[in-house]
Structure formats: C-alpha cells, structure tokens
Amino acid sequence: MTAAAAPDSPAPSTESGGFSESGGSTASAPLATAAGAIPGRAGSGPAPWQGWAAVCAVALGIFCLITSELLPVGLLTPVGADLGVSDGTAGLMVTVPGLVAGFCAPLVTVGAGRLDRRLVLCVLIALTAAANLAAALAPGFAVVLAARLLVGVGVGGFWAIAGGLAARLVPGHHVGRATALVFGGVPTASVLGVPAGTLLGELGGWRTAFAAVGVLGLVTLAALVVLLPPLPPTRRIGFRQLPSLLRENRAVRAGVVVTFLVVTGQFAAYTFVRPVLQDVSGIDAGFVSTLLLGYGVAGVAGNFLAGARDAYRTLLVISAALAVILALIAVLPGAAAGTTLLFAWGLAYGGVSVSVQGWMLKAAPAATEAASSLMVAMFNFAIAAGALLGGLAVDGISAPAAPLGGAALMSVAAVTVWFTAIRRRPDRLG
C-alpha cells in the first residue's frame, strides 16, 4: 500500500468521512484515540531503525497470514483430486478460515485487552505456522479443514491487532507510512502470495506449498521475537462499542457494506479462477500458475495506482470495472481473451484493500482501531461467503457461474458506492 492510503495526520473532525450529520458521532475517545495521541511512544519508544524493523516484521506477519488464508485458491484442483473431493468442496479450505477469521477479529481485539501485543502476535503466528505444517501432512480432507480453522484464528486476531501498532513503533509523523506498510501485506499476499504458492504447488505438489508457508510462518515468528519490543496494552475496547459505531456512524456502516459486496464478489470468482481459465478460456493447466503471477504483478500496480486517489471514487471505478471483467471472463472463449481479462482483473482488484482502508480512516478518523476491526471482520466474512457462494455455483451450475455471480455483486457494490458516498457527499470527493 502507499502512504496515501493511511494519512499521516487524520483530520480531527469526527464527521470528515460521514455521509450525513450523524455520520461521525461515535468517533470519540471511548472507542479509540487518533494515532498521534496514543501514549507510550514519544520519548520511550524504540530507535527509528528499530521501529521500522518492527513494522517490517509485522508486515511480514500480515503477508504470511493472508497468504496462508488464500493459498488454496490456486491449488483447489490438485488438492481435490488428491483427497477425493470436488472443486466446490475443496473451496471450503477458503470458506472455513475466512469465517473463523471474521469472528476472531473483534473477539481477539476485545479479549486480548490485558495482554502484551508482542506475545499475542507471536502466539497467533506460531499457531498459523503449525496449522500449515499440519495441512501439509494431512491424511485426509477433514484434517486439512481442521488445520484451516486454526489458520482462521491466526488471521483474524493478528490482522485486527497489527493494524493499530504502527503508532507505537515509529514517530508520529511517520505513522501513516508505517500503517500503510503494515496493511500492504494484505494486497501483496492476495496478488503475489497466492500465485507464488500455486507455482510452488505445480513444481513440487500442493503439500510442498503448504509446508513452505508453514516454514515462512516460523521465520516470521523469529522476526517478531527479535524485532518487536514489548507492547503492553494502552486501552481496551468493549463489545458494546463496536455495534455502537456501526449503528451511529453511517459512513462506517456503508464502508462495511461495500467491503462485503466487493470482497464477496471477488472471491466467488477468484476462488475458482483455475477451472474458469481451463474450461472457458481453454488455457492449459500448466500455464495457470504463470498467468496468476502476471495477475499478481498487475495487482501490485493497481495497489499503487489506487493509493493516491480518493477512496470513494476509486471504489466506484474498481467495482464497476470488475463487474464488466468478471462477466466477460465467464463467457468469452480463447486464451488471448482469458489472459487479457485476467491481467485487467488483477489491476482492478489490486486497489481494493488500500481503498477500503482509506474509506474507514475517512469515516472514523478518531476511532480507527474500532473501525478497522469491523472492516477486518467483514473482509474475512466476505472471503468465506464468496468462496461458499462460488462453490455452490460451480457444483450446482458450472464453472462460469462463479464469475457471473461475482459480476452481479460488483454491480450492486458500484450502485451502493454511488448512492451512499458520491451522490450524497459530492463536495467531499476532492
């Protein structure tokens, strides 16, 4: 992600991202404090290089965890063939951790209130590493699913806590850039981790891919132990405050809805991109991993293109573009068309994470920790929902039904952005 995704000095107005007079009424001190006001940083924090090293370790953790969550996307067919399940059933490897992560994001944020954040992050990354290694050795699909459940616990808890740590690791004027670096692990994992895992699976088998991510988790654990300073809690968030933010802040509520629509549409289609490329585009299975690497490169470019732009406008363009792309890739035959559309898909989706995060920062500038927790929960619920809906479409209809369903959800997302953000508050679009 780029620094523009997380402004160094969020506007103090609680209404800056709202769509109505009541849009920011809950962005007050009991929920969270603006990044620059978090105690325990000035004068007592680590040296600058140590702070940035710690930020990089947390970003590596995010990359490892999101790669773990999405790794099966490029391996559904070989895993299903080896363990004797259909592509739709194999899609549960994405649904299960996404669903668990959605629940664990707010649960860990609230439940770990008295624990040192360094200890919590280390435990969660260790749990994820062990789960991936267990999946690599699993004798059957049930064991794989059990391991994927543990991955969900790690993803939801780590992501929700890590998003607010940058303010405690670097000087105040660098908080935005550090936060952007931490959250950069999300799109990078989405667009590079999965293709790299797919390529490794092609070369050495799907178990090798899972084992490699497990080893990456152990490396990340070592980095966290060595580079993170002690991070005692600075405040607690209660369960009642999260629904209060949703209820009273219209901008946050709209951002959560848009997150659900876009991410559900994405993963309804992307979870089954391999069978679509093979069945519709006629692309040989041996080339899929290479094409997904191209998708990843395009996605990184999309992330940087979106980072410096208004979140509302960008999400409108992204959702509208993805609606067209997903509809076309489901019906246009030919390797050339499939390849072109796949790269366009990566370019468009690459900007989603940075734009959604930018939306939430604008919606609740004084309650970013609580707003991010809600976004993380919905993001992961949407991954699960998308994989589940896509699996039902593939098993019940055909492979092209998955991207067609995704296109429909993207269309609804575009309409939602238009009516809740752009049309309602055109003066705030910059």
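Residues numbered from 1 in each chain as written. Predicted model: local features only at pLDDT ≥ 70, side-chain atom pairs only at ≥ 80, totals over all residues. Heavy atoms only, no water.

Draft legend 1. Region of the structure containing the overall build of the protein. Across its full length, the protein carries 18 helices and zero strands. Counting over 430 residues, the protein shows a buried share of 57%. (Helix = DSSP H or I, 4+ residues; strand = E, 2+ residues; numbered from the N terminus. Buried < 20%, exposed > 50% of the residue type's maximum accessible area, 1.4 Å probe, protein only.)

Draft legend 2. Quick look at a nonpolar patch on the surface. Taken together, the side chains of V324, L328, V331, L332 and L404 define a hydrophobic patch exposed on the protein surface, amounting to about 400 Å² of accessible area. No other element matches helix α14 (residues 311-331), which puts three residues into the nonpolar patch. For L404, the position within the fold is in helix α18 (residues 401-422). (Patch = residues over 30% accessible without salt bridge, like charges linked within 9 Å, V, L, I, M, F, W, Y side chains within 5 Å. Areas by Shrake-Rupley, 256 points an atom, 1.4 Å probe, with all protein chains shown as cover. Salt bridge = Lys/Arg side-chain N within 4 Å of Asp/Glu carboxyl O.)

Draft legend 3. Representation of the nonpolar core within the structure. Within the largest apolar cluster, 120 residues are counted, with the highest numbers of intra-cluster contacts made by F158, W159, L224, V252, Y270, W345 and W359. Once residues within four sequence positions are removed from consideration, W345 is found in contact with Q266, A269, Y270, V273, Y295, L322, I325, L326 and I329. (Core = buried A, V, L, I, M, F, W, Y, C linked by side-chain atoms within 4.5 Å. Contact = heavy atoms within 4.5 Å.)

Draft legend 4. The arrangement of the side chain of S68 in detail. As for its position among the elements, S68 is in helix α1 (residues 48-70). A relative accessible area of 0% means that S68 is categorised as buried. Engagement of the side chain of S68 in a polar contact is seen with the side chain of N132, the distance being 3.0 Å. Once residues within four sequence positions are removed from consideration, S68 is found in contact with T128, N132, R148, V151 and V213. (Polar contact = N/O pair within 3.5 Å; in protein donor to acceptor, adjacent residues only side chain to side chain.)

Draft legend 5. The arrangement of the confidence of the model for the protein in detail. Looking at the protein, the pLDDT average stands at 79 and 82% of residues meet or exceed 70. Low pLDDT, under 50, characterises residues 20-45; the stretch is placed with 63 contacts to residues that sit more than four places away or in other chains. (pLDDT = per-residue confidence, 0-100.)

Draft legend 6. How the structure looks around the pattern of salt bridges. Applying the stated rule across the entire model yields three salt bridges. Linking R207 and D82 is a salt bridge whose minimum nitrogen-to-oxygen distance equals 3.7 Å. Of this pair, R207 sits in helix α9 (residues 206-227) while D82 sits in helix α2 (residues 76-83), and the two are 125 residues apart along the sequence. Residue D82 is classed as partly exposed on the basis of its relative accessible area of 45%. A salt bridge links R274 to E202; the shortest N-O distance between them is 2.7 Å.

Draft legend 7. Highlighting the layout of surface pockets. Here the second largest pocket is characterised by a volume of approximately 190 Å³. Taken together, G302, L305, A306, R309, T314, V317, I318, A321, L347, A348 and G351 form the lining of the second largest pocket. Elements that contribute at least two residues to the lining of the second largest pocket include exactly α13 (285-307), α14 and α15 (335-349). Top element by residues in the lining of the second largest pocket is α14. It accounts for four residues. Among the residues forming the lining of the second largest pocket, the class breakdown is seven nonpolar, three polar and one charged. (1 Å grid on protein atoms, 1.4 Å probe; cavity = no way out; pocket = protein on both sides within 12 Å on 5 of 7 lines; lining within 4 Å. Points joined across faces, edges and corners; volume = space filled by probe spheres on them. Nonpolar A, V, L, I, M, F, W, Y, C, P; charged D, E, K, R; others polar.)

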